[in-house]
Amino acid sequence: MSLDLQAVSKAYPGRRGGAPVQAVRELSLAVEPGEIVALLGSSGCGKTSTLRMVAGFEAVSSGSITLAGKRIEALPPARRGVAMAFEGYALYPPLTVRENIAFGLGNRGGEAGRRRVAEVAELLGIAPLMDRKPAALSGGEQQRAGLARALVRDAHLHLLDEPMGQLEPQLRAVLRGRVKALVKQRGLTAVLVTHDQAEAHAMADRIAVMEAGELQQFGPAAALRDAPANLFVATFFGEPPMNAVPAIAEPGGLRLRGADGEVAPGWRQDLPAAVPAPAGGEVVLGVRPGRLRLGEGPWRGIVVSNQWLGDQAHVAVEVCGRLLVAVSLARVPARVGEAIALGLDPADAHLFDAGSGRALAHGARRA
Amino acid sequence: MADLVLRVLRGLALALVLVFFLFPIVWILLMSFQTNETILRLPPSLAFDPTLANYKALLTGTMETSSGTLQVTFLRNLGNSVLLASLSVGLSLLLGVPAAYAFARFRFRLGEDIAFTLLSFRFAPPLLVLLPLSLYFNELGLADTYAGLIWVYQLICLPLVLWIVRSHFEEAGVEVENAYRLDGHSWWAGFRKVAIPLAMPGIAAAGLLAFIFAWNNFVFALILASADKQPVTVGALAFVTASGIQYGQIAAAIVLSILPTLALALYAQRWLVEGLSLGAVKG
Amino acid sequence: MSAAEGLLIRGLTAAFGKREVLRGVDLAVAPGETVVLFGPSGVGKTVLLRAVAGLERAGGEVSVAGREVSGLPPEARGLGMAFQNFALYPHLPARENIASPLRARRLPEAEIARRVGAIAALLRIGHVLDHAPRELSNGQKQRTALARALAAEPRALLLDDPLRNVDAKLRYEMRLELPRLLARSGAAAIYVTQDYREAMALGQRVAVLLDGRIVQDAPPEEVYDQPATVEVARLFGDPPINLLSAESLPGGRLRAAGLEVPLPDSLRALPPDAQLGLRPEHLSLLPSPAPGAAPASVVAVTPLHERQVVLLRTASGEELVASLAGAAPPVGAAVWAAAEPGHALLFAGGQRIAHGAGREVAAA
């Protein structure tokens, strides 16, 4: 069902009479029915407070939360119609895995409930563990049991708090796919809270990037990648992160700054289209590592490292003291220590206001 | 509006708790400025002429009672208390801190059993050990000596120091000491320069607590020491005289005797809470 | 330079009670070389480092720069070590943390100041030298810990997963900077990690520790392309390798999960427990049937970094994971999955018996 957050704020009283701490500021977010949305951010960004307000473990300071057409911000957690997978698993120790998973179904489950429990357990690969107690499981297995308990439930909304962080890496790819397929097939609406952008990217239809209690950008991964709203999103989303070089805008292009902050002689980037530069012309040029071109272009640098990771190459090049990273899905014939030409297609350039970080322009190219 | 009501209610509840806990202390303080007559009148009243006679009696060492003049050894008792508590704590830190380190860092045979045995001294009623102890002490010539009392006080201080400081050593972790050794410093240097400073809040808290517990001890000193070695807790008994109980002097003695520990506790409150809460969480 | 002048580990054993953690580990690291010690968590990587450092009781021999150190206490081994949790001295400012190994060597005050300044500049923490560790960001803490390990210019360096606790941005930065820093230090370095990408990025060699032994010690690409065992193959790669039970077909071919690839020349037939290993990036998805391709349907698409990870279910019911550089087909689409035979790996009894079907065969 649809979830609608309108100007939701959360302030915690300050310590010892200090100013209150704003954990979440004026967050507005609409999740469509059947959609998977990820709340992505580092610890302390406000994503967990948001989740706890939606679940009902935390009162909102202001704003409204509407789920399936009903205001829920004043309801107790049990009456909100929300199923949740907890980061700390929160399994009941005296119950077996099976009883834990079936717990939320109560007596309503019946035969159909038993079948669903078995299905989800099979899907998450914990079917052989069903008669064990949580204490006899590894962290990853407990996490899968906790996830299963949330997924078997019928609810308006499924909240998944770091649901796969403890999973054995070898299982992650397959389980992500299976869980995503299950959620889609049953038409569940899910909000996933995570600090791991790979998980958000893999699972979510849209991603809400949060930082310092504020929503930075909300959109599909492609939009975050191709049109980041500000410098924070640009350098946070994407692995490795976007290269960012401070520069001064002038007619026809940019003059780039070296590591010392001074304009480096001869380091320029032509930009055909006029750039809406702020007064003073202080901007930041951003370019995705996957878009930096090696072996051609007007810039000159020294190869600092060339790392082949099996399915992609990461090459670091030092230009005027700045380390730029290029990613290629094929091997790059560049040796460490040698000089290399590099550059970028203006269509791959992103420009940001150096002061506010706000995006000024994005190149036309899309992946 | 609801906020205001809540605040008022919370204030009232807090006041109630304060009155309950502070009343005895306030009453003692008031008693210490009264004569026996005003203390004992019925019904009790808050109106009286304050007198410093009680304090004067304690400090000058002579007490006028209806049956004559009595010698009071209060100042000597106070001195005994300071001496016994400080030396006991000093000794228990000297023994307890290295022991706590050993229990925190090394696994050895019977290690946990020994640590628990030491703690169990705190569970046993002192009376359990007093009878055999007083016999031993007479045998060994330790009865009625400061050394003997300090030794017995280790039953109070050592377990405290051991368990509180141990949890601090455990909390600080062995990794930083390992790092220090890999830097090229000896184990002993690491113990002094890293382990001890990091456990300092715990050591301070344990020392303070041990001091207060030692100061407040009554029964060991009552049985094992004679008048000239007795601390204030026992000394206050002197005011239960043949001619009656000198409530005023008792109150004044109590006020004077709690002053040092109270001052110490207030001064080190932050450390105490910090040092002890870790022990409570981790212990 | 040879490993004799660097760090040499021979027959290292360690046990916790009855449990043998290390069962005879040999490892040689030349000066200026970085060897990554890789393995899943709990496999004993840290135990190995601690044994080398002298913090753990162990059997076997360790020599640093030609000097046998096995019997010596940690402080006499002349090693630098960086810990996973940084292990900074919380009561000392960053400057004194870094100076600690120099003070232990009783260098003159001016020399200490000079060296601390130099290493701090190199690691770009010169501006926070007077801060206490709790005032430092995670990245600064980690750099301070590295500076301390490097300060006394040790001949051997032990780095215990130093990037584990820093955020992604910093991790990439350090991944790119570290090789230069380590090469410059000239120390023989063992770098512990459980992130295979970090292992490939930082190691001139990767030593895979499993079940108390080094099961493979080779350049990173070799470990990736020719893993010695199924376990190594599973640990290297994200998404992980597809492992499918294989059977031989007439005409020098083999089949697994409906996929067909040529049998390696050297193999006439497959052992009964043979497994075909196919990395997700070596699977391609075709829109129409092709010889050797397995019909499958798309179950889910979960993008990873620059790639599209596609979970497939074959007509025969097996799951396959493909990792595509280009666009992924929509969920529910019918596709044909084809393997690049040159990258196929064959395992039997857990050991690799061949790689690159139709080509050369490894010594089984």
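Residues numbered from 1 in each chain as written. Chains lettered and ligands numbered in written order. Predicted model: local features only at pLDDT ≥ 70, side-chain atom pairs only at ≥ 80, totals over all residues. Heavy atoms only, no water.

Student: So what's going on with the pattern of salt bridges? Residues and values would help.
Tutor: Scanning the model with the defined rule gives 50 salt bridges over all chains in all. The salt bridge involving A:Glu168 is made with A:Arg144; its shortest N-O contact spans 3.3 Å. With A:Glu168 in the loop between strand 7 (157-161) and helix 5 (169-185) and A:Arg144 in helix 4 (residues 139-152), this pair connects stretches of sequence that are 24 residues apart. Classification of A:Glu168 as partly exposed rests on a relative accessible area of 24%. A:Arg178 serves as the salt-bridge partner of C:Glu319, at 2.5 Å between the closest nitrogen and oxygen. Taken as a pair, C:Glu319 in strand 19 (residues 319-324) and A:Arg178 in helix 5 lie in two separate chains rather than in one. (Salt bridge = Lys/Arg side-chain N within 4 Å of Asp/Glu carboxyl O. Helix = DSSP H or I, 4+ residues; strand = E, 2+ residues; numbered from the N terminus. Buried < 20%, exposed > 50% of the residue type's maximum accessible area, 1.4 Å probe, protein only.)

Student: With reference to specific residues and values, describe the interface of chain A and chain C.
Tutor: Each partner contributes residues to the interface: chain A has 33 residues there, and chain C has 34 residues. In this assembly, chain A packs against chain C so that about 3100 Å² is buried in total across both faces, 58% of it on carbon and sulfur atoms. Linking C:Arg180 and A:Glu318 is a salt bridge whose minimum nitrogen-to-oxygen distance equals 3.2 Å. There are ten residue pairs in polar contact (both at pLDDT 80 or more) connecting chain A and chain C. Counting residues per element, the ones that place at least two in the side of chain A that touches chain C are helix 5, helix 6 (197-203), strand 15 (293-308), strand 16 (313-319) and strand 17 (322-328) of chain A. Counting residues per element, the side of chain A that touches chain C draws most heavily on helix 5 of chain A, which supplies nine residues. Here the side of chain A that touches chain C is built from residues that sort into 16 nonpolar, ten polar and seven charged. (Contact = heavy atoms within 4.5 Å. Buried area = accessible area lost by both parts, 1.4 Å probe. Polar contact = N/O pair within 3.5 Å; in protein donor to acceptor, adjacent residues only side chain to side chain. Nonpolar A, V, L, I, M, F, W, Y, C, P; charged D, E, K, R; others polar.)

Student: How would you summarise the UniProt feature "domain: ABC transporter" (unreviewed entry) in chain C if you had to cite specific residues and measurements?
Tutor: Following the UniProt record, one finds the feature "domain: ABC transporter" (unreviewed entry) at residues 7-236 of chain C. Secondary structure within residues 7-236 of chain C divides into 37% helix and 27% strand; the distance between the first and last C-alpha atoms comes to 26 Å. (UniProt positions renumbered as here; feature names shortened; annotations may be inferred.)

Student: Could you give an account of the sheet that holds strand 19 (residues 350-353) of chain A, naming the residues involved and the relevant values?
Tutor: All names here are of chain A. Spatially, 13-12-11-14-19-20 is the arrangement adopted by the six strands of the open sheet, whose pairing is antiparallel. Edge strands, defined here as strands with exactly one partner in the open sheet, are strand 13 (263-270) and strand 20 (359-362). Taking each pair of neighbouring strands and ignoring which way they run, the sheet shows an average axis angle of 35°. Two elements, strand 12 (residues 253-257) and strand 13, share four bridges in a ladder whose sense is antiparallel. Across the sheet, the residue bridging to Leu254 is Gln269, located in strand 13. (Pairing = 2+ DSSP bridges. Axes fitted to C-alpha atoms, helices over the stretch in contact; angles between N-to-C directions.)

Student: Which residues make up the interface of chain B and chain C, and what values do they have?
Tutor: On the side of chain C, 21 residues touch chain B, which itself brings 16 residues to the contact. Around 1600 Å² of area is buried between chain B and chain C when both sides are counted, 61% of it from carbon and sulfur atoms. The largest share of the area that chain B buries against chain C comes from B:Glu175, B:Leu182 and B:Asp183, three residues that together contribute 42% of it. In this structure, the connection of chain B to chain C is made through two salt bridges.

Student: I'd like a rundown of the pairing of strand 12 of chain A, residues and numbers included.
Tutor: Residues and elements named next belong to chain A. Taken across its five residues, strand 12 has four buried, putting it largely inside the fold. Where strand 11 (residues 243-250) meets strand 12, four bridges bridge the pair, whose relative direction is antiparallel. By the bridge assignment, Glu250 is partnered in strand 12 with Gly253. The turn joining strand 11 and strand 12, which pair antiparallel and follow one another in sequence, is formed by two residues; a positive phi near 85° is taken by Gly252.

Student: A description of the domain arrangement of chain B should follow, citing residues and the corresponding values.
Tutor: All names here are of chain B. Assigned domains within chain B: domain 1 (2-71) and domain 2 (74-282). Spacing between the C-alpha centres of domain 1 and domain 2 amounts to 30 Å. Taking both partners together, domain 1 and domain 2 bury about 1500 Å²; carbon and sulfur atoms supply 76% of that area. Linking domain 1 to domain 2 there are zero salt bridges. (Domains from an automatic or database assignment.)

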